[in-house]
Amino acid sequence: MSVAEPYFVGRVDTGAVLPRESADLWAEHVGRNQGTLQCRFASPSSFRGAMAVQRYAGYQLIDFWSDSIVYSRSRADIRRDGDEGLRVMIATDGEVRLRQDDATAQVLPGYGAVVTKTRPVDFGQPLAARGWVMNVPAGALPLEVGAGPALIDLREGLGAVVSGLISELGEQRATVDGPEFAAACDTIIDLLRLCLRRRAAMPTVLATVDTAVRDHVLRHADDPDLTPIEIARSLGWSLRQVQLALHHTGTTPSELIRGARLDRAHRRLRESSSDRTVAEIAYASGFRSLSAFGSAFKARFGVTPQDVRSR
């Protein structure tokens, strides 16, 4: 049995190396934590930055501060690492500028933005800035395809709750463990999903279908007979309508079902008693094949179900 990747808490500060080495150190750690990106430094020889990283089972939260810099992710970069996840960028000081799908967004303190890593993107700050970067699994948020970054108001209401949770999770990085960190990330992602739905950016009909399909999947993901066709039949829409609504937010019916089942299995592996086997949890979460479950779980979380159970 392989050993589960432990809950990781780390810090990088370019002040710990010679000035001529700081840009290389930063680029190395950004690539390690955020995938294939190109870094353009305003002043490589005097660049300063620091980041605190929390990571466990595919979840990651970074508190960063840095001088002026721009990051770019090209189509070649996308092909190179195959990362299909989402990134939530939150500014707490200064500003972060994002560009994707020929659309731009200026993220000021009190706001956040969501981008996908499946399409080219540029982001960075013209001056020194501080903020958070959170990794979110592909399809976990209703991101409209082709519409550029999705902005979220974090100044009041549910957005302020999300901002407070992220900040507190970062503050408690040394006192929480891996499963607690993952559970908190699950909650934050659920709340971010509600924040994005409240933006009502999609056409009314597609928004209605999208919401109904997601709610149906959440209620019935444990059913091994749940399929895209069954969803459409149960809700009274055509399969094409269901596919179009979910395509509008960056996922498919099959991906949505698989993601919901994997999330449930992950929680059950963390929370259930040790006498409940991995196979029992897989079948209880809607999977018919143990091998398919294991492969999908490793692809989603970066660890095996046995790794999570052994923790």
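Conventions adopted
- Residues numbered from 1 in each chain as written.
- Predicted model: local features only at pLDDT ≥ 70, side-chain atom pairs only at ≥ 80, totals over all residues.
- Heavy atoms only, no water.
- Axes fitted to C-alpha atoms, helices over the stretch in contact; angles between N-to-C directions.
- Helix = DSSP H or I, 4+ residues; strand = E, 2+ residues; numbered from the N terminus.
- Parallel < 35°, antiparallel > 145°, perpendicular 65-115°, else oblique.
- Contact = heavy atoms within 4.5 Å.
- Phe/Tyr/Trp six-rings, centres within 6.5 Å; stacked < 30°, edge-to-face > 60°.
- Buried < 20%, exposed > 50% of the residue type's maximum accessible area, 1.4 Å probe, protein only.
- Polar contact = N/O pair within 3.5 Å; in protein donor to acceptor, adjacent residues only side chain to side chain.
- Pairing = 2+ DSSP bridges.

Bringing the packing of helix 8 (residues 253-271) against helix 10 (residues 290-301) into the picture now. Interaxial distance between helix 8 and helix 10 falls to 10 Å at its minimum, and their mutual angle equals 85 degrees. When the axis of helix 8 is compared with that of helix 10, the two are roughly perpendicular. Note on element contacts: helix 10 touches helix 8 through Phe-293, Ala-296, Phe-297, Arg-300 and Phe-301, opposite Arg-258, Gly-259, Leu-262, Asp-263, Ala-265, His-266 and Leu-269.

This part is about the packing of aromatic side chains. Taken as a whole and assessed by the stated rule, the structure comprises 8 aromatic pairs. Seen from their ring centres, Tyr-7 and Phe-181 are 5.6 Å apart, and the 40 degrees between their planes marks the pair as tilted. Residue Tyr-7 is found in the segment before strand 1 (8-13), and its partner Phe-181 is found in helix 4 (residues 178-198); the two are separated by 174 residues along the sequence. For Phe-181, a relative accessible area of 0% puts it in the buried group. By way of ring pairs, the aromatic residues Tyr-59, Phe-287, Phe-293, Phe-297 and Phe-301 are connected into one cluster.

Moving on: the side chain of Thr-116. Position of Thr-116 relative to the elements: it lies in strand 9 (residues 111-116). Residue classification places Thr-116 among the buried positions, given a relative accessible area of 4%. Side chain to side chain, Thr-116 and Thr-118 meet in a polar contact 2.8 Å long. Ignoring anything within four residues of it in the chain, the contact list for Thr-116 reads Glu-84, Gly-85, Leu-86, Gln-100 and Leu-143.

On to the environment of Ala-284, then. Mapped onto the secondary structure, Ala-284 falls in helix 9 (residues 278-284). Given the relative accessible area of 27%, Ala-284 is considered partly exposed. Along the chain, Ala-284 and Arg-261 lie 23 residues apart, while their C-alpha atoms are 9.2 Å from each other. Not counting the four nearest positions on each side in its chain, Ala-284 is found in contact with Asp-222, Arg-268 and Arg-276.

The phi torsion at Ala-57 lies on the positive side, around 50 degrees, for a residue other than glycine. Inspection of the secondary structure assignment puts Ala-57 in the loop between strand 3 (49-56) and strand 4 (59-66). For Ala-57, a relative accessible area of 3% translates into the label buried.

All right, on to the sheet that holds strand 1 then. Spatially, 1-3-4-11-6-9-12 is the arrangement adopted by the 7 strands of the open sheet, whose pairing is antiparallel. Strand pairing shows two members of the sheet lacking a second neighbour, strand 1 and strand 12 (150-153), which therefore form its edges. The sheet shows a mean angle of 15 degrees between the axes of neighbouring strands, taken without regard to direction. Sheet analysis places strand 1 next to strand 3, joined by 6 bridges and oriented antiparallel. Bridge pairing in strand 3 links Arg-11 to Ala-52. Against the sheet, helix 1 (residues 19-34) contacts strand 1, strand 3, strand 4, strand 6 (86-93) and strand 11 (129-136), and its axis sits at roughly 25 degrees relative to strand 3.

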